[in-house]
Amino acid sequence: QVQLVESGGGLVQAGESLRLSCTASIRIVGLNNMGWFRRAPGKQRESVAIITPGGSTVYADSVKGRFTISGDNAKNMVYLQMNSLKPEDTAVYYCAAMDSSVWSAWGRGTQVTVSS
């Protein structure tokens, strides 16, 4: 089973940027839908961005125009570039891979904290 490891989280001020990375243990980027999700304190997990094997992307309305998901098939990595961060972006961010229409593989998450 694929293992996913996120990195790149941290503490930033509002308006700053961060880039999250997700490394997969087997070749999956470019073959399966990959996604970034987040869970804020006291809230349910939500989808942030998804990228398909063909490179199509889907974003949550709350991050459109600020976040960009991308994949590097050769490195088997997925990235989430987050610009103009807001305090409401504070959450644990998770990388996930889809298999048979189910988000079946998840990383442990990386904390992003945005101070005002």
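Not measured: the values here are computed from a predicted model.

Draft legend 1. Region of the structure containing the pairing of strand β10 (residues 102-106). Bridge count between strand β9 (residues 91-99) and β10: four bridges; the pairing is antiparallel. Of the residues in β10, the one forming a bridge with Ala97 is Ala105. Linking two consecutive strands that pair antiparallel, namely β9 and β10, is a turn of two residues; a positive phi of about 55 degrees is found at Ser100 within it.

Draft legend 2. Inspection of the sheet that holds strand β1 (residues 4-7) at higher detail. In spatial order, the strands read β1-β3-β8-β7; together these four strands make up an open sheet with antiparallel pairing. Each end of this open sheet is capped by a strand with a single partner; those strands are β1 and β7 (67-72). On average, each strand axis in the sheet is inclined to that of its neighbour by 15 degrees, with strand direction left out of account. In terms of strand pairing, β1 meets strand β3 (residues 18-24) through four bridges, oriented antiparallel. Paired with Ser7 across the two strands is Ser21, which belongs to β3.

Parameters at a glance
- Residues numbered from 1 in each chain as written.
- Predicted model: local features only at pLDDT ≥ 70, side-chain atom pairs only at ≥ 80, totals over all residues.
- Heavy atoms only, no water.
- Pairing = 2+ DSSP bridges.
- Helix = DSSP H or I, 4+ residues; strand = E, 2+ residues; numbered from the N terminus.
- Axes fitted to C-alpha atoms, helices over the stretch in contact; angles between N-to-C directions.

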